[in-house]
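In case you want the letters, here they are:
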Amino acid sequence: MAKHNAQNTRIKRDYFDYLKHAQRRDEASIDQVARALAQFEQSTGYKDFKKFHIKQAVAFKAKLSNQKNAKTGKPLSRATVHSTLSALRAFFIWLADKPGYKSRIGYSDADYFNLPEKEVRIAKANREKPVPSIEQVHHVLAAMPAESDIGKRNRAMIALALLTGARGAALASLKMKHIDLKEGCIDQDAREVKTKNSKTFKTWFCPVGGDAIQIVTEWVEHLREQLLWSDDDPLFPKTLVGIGDRGVFEAVGLAREHWSNTGAIRKIYKEAFTAAGLPYFHPHCFRHTLALFGEKICPSIEAFKAWSQNIGHENMLTTLTSYGTVPAAKQAELIRGLEPGRAESDEERIAAIVAATMQQIRREG
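Below, the structure is looked at part by part. (Residues numbered from 1 in each chain as written. Predicted model: local features only at pLDDT ≥ 70, side-chain atom pairs only at ≥ 80, totals over all residues. Heavy atoms only, no water.)

Positionally, S173 belongs in helix α8 (residues 168–173). For S173, a relative accessible area of 5% corresponds to the buried category. Reaching out from S173, the side chain makes a polar contact with the backbone nitrogen of K194 at a distance of 2.9 Å. In contact with S173, other than residues within four places in its own chain, are H178, E192, V193, K194 and H258. (Helix = DSSP H or I, 4+ residues; strand = E, 2+ residues; numbered from the N terminus. Buried < 20%, exposed > 50% of the residue type's maximum accessible area, 1.4 Å probe, protein only. Polar contact = N/O pair within 3.5 Å; in protein donor to acceptor, adjacent residues only side chain to side chain. Contact = heavy atoms within 4.5 Å.)

This is how it looks when you write it as structure tokens:
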């Protein structure tokens, strides 16, 4: 059976260029589309896209719905199925307008990749995600060893993540010059720091308490005064691997270069939380932690808007809807604690929240 179709490869290349340059999609998003197309081609025996028929879409949809996750052995989640089919639908809509294809593929043909409405609702449902509390992260920091350079780095990285909510990719690409201890902030400059959607913004240290600021300060001073590192050196360098005392390859110190990806950072988080007797929380969870913490301590809409901007959200609604969901237990506590007589005293505050939210919606169109 054929495992390649040259004509398909050429038109896919054109589509990937379209996604990159016209749709401004990043490499990770394009890779996901490429995987979806590869799965579909395999299911059709690599037939030319010009021979596309709606029966192929229906058959692939059925196959995907019965497919199991290679790691867990469980059926694919509705969200995974939905994202794969949505990528294929978008591709065939784009293809239906191209010379050599538009006489063979109709725009409506792509709709056969749609899932039933009830399955789409399941795929898009917002579900409560477990996130660490501020106190849990402080517990992890207190339990982390800091005798070696590697231990100091690991502890300082988690401390800075708690202070700023910086994503894993940003932590891996920060340089010494991007942190300002005097001002208490980091400069997430997209020219050098890997931020989401290449946004440039400053993040001031959030008032999370504990020893987080002291840990980060001691780490930066250690790099500058003891290791004599400069502004262009990585703030959190990758681990240097070499032949140790036992004659085998092992971690022997710090390499003066950045990590190429976030895999090692996730491993550090997992080991730190496990050693502290807590479930593993990946780096992105800290952003949810800070969003919930901001809802609790911000005294006004203006303060929460500043808090939202501080973690890189241009739209305050992103913080409220994607990150600031009230946990179920807290939701029950708040609902049970409501009193009819309190509504009038909160009238002005509620009006301000509604007005600010509606203004943000109008700006977003």
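For any two aromatic rings, the description comes down to two numbers: the centre-to-centre distance and the angle of the planes. Enumeration over the complete set of coordinates arrives at 20 aromatic pairs. Ring centres of F40 and F113 lie 5.6 Å apart, and the angle between their planes is 75 degrees; this geometry places the pair in the edge-to-face category. Of the two residues, F40 sits in helix α2 (residues 27–44) while F113 sits in the loop between α4 (78–95) and α5 (117–124), which places them 73 residues apart along the sequence. In this structure, F40 and F113 share a single accessibility class: buried. With a centroid separation of 5.8 Å and an interplanar angle of 85 degrees, the aromatic rings of F49 and F92 are classed as edge-to-face. Highlighted residues: F49 in the loop between α2 and α3 (54–66) and F92 in helix α4, separated in sequence by 43 residues. Neither F49 nor F92 differs from the other in exposure class; each is buried. Put simply, the rings of Y15, F16, Y18, F40, F49, F52, F60, F91, F92, W94 and F113 pair up and form one aromatic cluster. One cation-aromatic arrangement involves K50 over Y101; the distance from NZ or CZ to the ring centre is 5.5 Å. (Phe/Tyr/Trp six-rings, centres within 6.5 Å; stacked < 30°, edge-to-face > 60°. Lys NZ or Arg CZ within 6 Å of the ring centre and 35° of its normal.)

This part is about the packing of α2 against α3. Between α2 and α3, whose axes approach to 10 Å, the crossing angle comes to 110 degrees. It follows from the interaxial angle that α2 and α3 lie roughly perpendicular. For the pair formed by α2 and α3, the contact residues are Q39, F40, S43 and T44 on the first element and Q56, A57, F60, K63 and L64 on the second. Taken together, the residues of the contact of α2 with α3 sort by class into four nonpolar, four polar and one charged. (Axes fitted to C-alpha atoms, helices over the stretch in contact; angles between N-to-C directions. Parallel < 35°, antiparallel > 145°, perpendicular 65-115°, else oblique. Nonpolar A, V, L, I, M, F, W, Y, C, P; charged D, E, K, R; others polar.)

Applying the stated rule across the entire model yields eleven salt bridges. Close ionic contact of R89 with D111 constitutes a salt bridge, the shortest N to O distance being 2.9 Å. One end of the pair, R89, is in helix α4; the other, D111, is in the loop between α4 and α5, with 22 residues separating them in the sequence. What makes R89 partly exposed here is its relative accessible area of 29%. Take D111: its relative accessible area is 34%, and that puts it in the partly exposed class. One network of salt bridges, in which partners are shared, links K177, E192 and D232. (Salt bridge = Lys/Arg side-chain N within 4 Å of Asp/Glu carboxyl O.)

Attention now moves to the sheet that holds strand β3 (residues 201–204). Spatially, β1-β2-β3 is the arrangement adopted by the three strands of the open sheet, whose pairing is antiparallel. Here the strands that pair on one side only, and so sit at the sheet edges, are β1 (179–180) and β3. Across two bridges, β1 lies against strand β2 (residues 185–188) in antiparallel orientation. Note on β2: the bridge partner recorded for D180 is C185. (Pairing = 2+ DSSP bridges.)

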